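# Topology and contacts: notes
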Amino acid sequence: MQVTVRNTSGQIIDRIEVGDSIFAVSFNEAVVHQAMVRQLANARLGTADTKTRGEVSGSTRKLYSQKHTGRARRGSIKSPLLRGGGIVFGPHPRNYRQRMPKKMRRLALRCVLSAKASSGELVVVEQFGLTRPKTAEMAQMLKALGVDSSALIVTAEPEVNVIRSACNLPGIKTLPASLLNVVDLLSHKFLVITIAGIHKAEQI
């Protein structure tokens, strides 16, 4: 499969061959969905906690007589029915982690990369060549490349000037190719990637 390469002015300067095993894979919705759910679940801390009636502070004495008051039967101020009482079926610390075979994770990533390529949302850039962090220059480059929505900028290695130039642009995120993941790809419309980043992604 061949893709066009553009410079930062948006002009087509070359065409390169990319691996069909990465950018021409049929979309497997079930695997992609499972990979996305797994990644989001693994990001959860699982530290939410509520106190049951056995954990809240307060006296355990009976509030008033069982009978002859005309009121509801109250055994303790810790009752979940009362303000300040315990919580029924509330969350407690737990582990949300999910496991997924490595081959399935790689397949999900390849499916999303292939979908970006087939839908015209893959933009290959020769290199950014920023000599200093400049948000205006990055915004101008993205406009020239036809990026009019959210975008994920991927480079082979972390480039400080690219990261700092894009960090204040809304909807734009930078990422090294080794950290490509399903959630970030699905959360951004365009994938802007350098040639070196393409070669690095093909090793995934």
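First, a word on scope: everything that follows refers to the structure included in this document. (Residues numbered from 1 in each chain as written. Predicted model: local features only at pLDDT ≥ 70, side-chain atom pairs only at ≥ 80, totals over all residues. Heavy atoms only, no water.)

## A word on the packing of helix α2 (residues 29-42) against helix α3 (residues 102-118)
Keep this limit in mind: Convention adopted: a line fitted to C-alpha atoms gives each axis, helices being fitted over their contacting stretch, and angles between N-to-C directions are expressed from 0 to 180 degrees. What counts as a helix is a DSSP run of H or I of at least four residues, what counts as a strand is a run of E of at least two, and both are numbered from the N terminus. Throughout, the term roughly parallel applies to angles under 35 degrees, roughly antiparallel to angles over 145, roughly perpendicular to angles from 65 to 115, and oblique to all others. Should the near helix be turned anticlockwise from the far one by less than a right angle, the crossing is left-handed, and should it be turned clockwise, the crossing is right-handed. Throughout, a contact is declared for two residues whenever any of their heavy atoms are within 4.5 Å. Throughout this entry, Asp, Glu, Lys and Arg are counted as charged residues, while Ala, Val, Leu, Ile, Met, Phe, Trp, Tyr, Cys and Pro are counted as nonpolar. The remaining residues, Gly among them, count as polar.
Viewed as axis vectors pointing N to C, α2 and α3 meet at an angle of 110 degrees, and their least axial separation amounts to 9 Å. In terms of orientation, α2 and α3 fall into the roughly perpendicular class. For the pair α2 and α3, the sense of crossing is left-handed. Where α2 approaches α3, its residues Val31, Val32, Gln34, Ala35 and Arg38 are matched on the opposing element by Met104, Arg105, Leu107, Ala108, Cys111 and Val112. Grouping the constituent residues of the contact of α2 with α3 by class yields eight nonpolar, one polar and two charged.

## Section: the sheet that holds strand β3 (residues 122-125)
Put simply, the test is: When DSSP locates at least two bridges between a pair of strands, those strands are taken to pair.
What the six strands build is an open sheet, ordered β2-β1-β3-β6-β4-β5; its pairing is mixed. The sheet is open, and its two borders are formed by β2 (12-17) and β5 (172-176), each paired with just one other strand. Neighbouring strand axes in the sheet, compared pairwise and without regard to direction, differ in orientation by 30 degrees on average.

## A few points about the layout of surface pockets
Which entries qualify depends on this criterion: In this analysis a 1.4 Å probe is tested at points of a 1 Å grid over the protein atoms alone, and where it fits but cannot get out there is a cavity; an open set with protein on both sides within 12 Å along at least five of seven lines is a pocket; lining residues have an atom within 4 Å of a point. Grid points are joined across faces, edges and corners, and a volume is the space filled by probe spheres set on the points.
Reported here for the largest pocket is a volume of approximately 290 Å³. Lining the largest pocket are 13 residues, and of these Arg105, Arg106, Leu109, Leu180 and Asn181 sit closest to its centre. Of all elements in the fold, only α2 and α3 reach the threshold of two or more residues within the lining of the largest pocket. Top contributing element to the lining of the largest pocket by residue count: α3, with five residues. Residue composition of the lining of the largest pocket, grouped by class: six nonpolar, three polar and four charged. Volume-wise, the second largest pocket comes out at about 190 Å³. For the lining of the second largest pocket, the secondary structure elements donating two or more residues are β1 (2-6) and β3. Of the residues forming the lining of the second largest pocket, the biggest block, four residues, is contributed by β1. The residue inventory of the lining of the second largest pocket, partitioned by class, reads six nonpolar, three polar and one charged.

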